[in-house]
Amino acid sequence: CKHCKKCFSDLGNCKKHERTHTGEKPYNCKYCKKTFRHSSSCNRHERTHTGKKPYTCKYCKKCFRQSSSCKEHERTHTGEKPYTCKHCKRTFTQSFNCKKHERTHTGEKPYTCKYCKKCFNDLGNCKQHERTCTGEKPYTCKHCKQCFSNLGNCKRHERTHTGEKPYTCKHCKKCFRQSSSCKEH
């Protein structure tokens with residue numbers, strides 16, 4: 001690499017690496033103005049526009065846009081938990097959940113609200129909190145146009161319109177709108 005002197009045996013990999021220094025993003029989405037450093041990232045992004053889901057779970061036939069999402073989902077069928085906490089040996093199906101859990105042991109909170117400087121151990125929780133600081137409510141109910149700062153709250157609200165009850169008690173098969181109600185039952 002002409003920027004950091006890192007060595008590569010393959011010229012293509014060197015060129016890809018150099019883009020991390022230059023910021024060059026030569027791949028353009030066909031559907032929007034977003035640009036990417038790697039063609040694979042561009043292809044993966046374009047599937048958000050096309051809805052194409054080329055990866056299929058071999059157990060239940062659910063389809064996914066990314067192979068990594070499919071592999072993670074398949075673990076819900078196999079029970080495989082390949083990621084282990086360094087501190088307590090608890091296991092996880094996804095590496096990011098393991099890393100997030102490990103922060104409960106270390107106390108690390110690497111994500112900071114840009115408005116009030118409160119710190120979080122999870123990026124999603126930080127982004128959610130920032131919306132409470134700004135008052136932003138980007139999620140809108142499809143049925144009554146009520147707005148929410150949190151996608152989960154919006155989906156839960158939408159079920160009051162549809163009557164959907166996606167959570168089923170394992171013991172008596174009674175159905176519930178919210179997972180918390182099912183667990184409480």
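Details of the structure are given in the entry above.
1. Quick look at the overall build of the protein
A tally of regular secondary structure across the protein gives seven helices and twelve strands. Radius of gyration (C-alpha) of the protein: 21 Å, far over the 16 Å computed for a compact globule of 185 residues. Dimensions of the protein along its principal axes, counting C-alpha atoms only, are 65 × 40 × 40 Å. Looking at the 185 residues of the protein, the share that counts as buried comes to 23%. Taking all contacts inside the protein whose residues are at least 6 apart in sequence as the whole, residues at least 24 apart take part in 0%. As displayed, the protein offers around 13,300 Å² of accessible surface, 47% of which is attributable to carbon and sulfur atoms. Positive and negative side-chain charges of the protein, numbering 46 and 15 respectively, have mean locations separated by a distance of 3 Å.

2. Overview of the pattern of salt bridges
Tallying each qualifying case throughout the model produces four salt bridges. The salt bridge partner of Arg-103 is Glu-108, with a shortest N-O separation of 3.9 Å. By relative accessible area, which is 16% here, Arg-103 ends up buried. Glu-108 gets classed as partly exposed once you look at its relative accessible area, which sits at 43%.

Here is what the cut-offs are and how they apply
- Residues numbered from 1 in each chain as written.
- Predicted model: local features only at pLDDT ≥ 70, side-chain atom pairs only at ≥ 80, totals over all residues.
- Heavy atoms only, no water.
- Helix = DSSP H or I, 4+ residues; strand = E, 2+ residues; numbered from the N terminus.
- Rg over C-alpha atoms; globule rule 2.2 N^0.38 Å.
- Buried < 20%, exposed > 50% of the residue type's maximum accessible area, 1.4 Å probe, protein only.
- Contact = heavy atoms within 4.5 Å.
- Areas by Shrake-Rupley, 256 points an atom, 1.4 Å probe, with all protein chains shown as cover.
- Lys, Arg positive; Asp, Glu negative; His and termini not counted.
- Charge placed at Lys NZ, Arg CZ, Asp CG, Glu CD.
- Salt bridge = Lys/Arg side-chain N within 4 Å of Asp/Glu carboxyl O.

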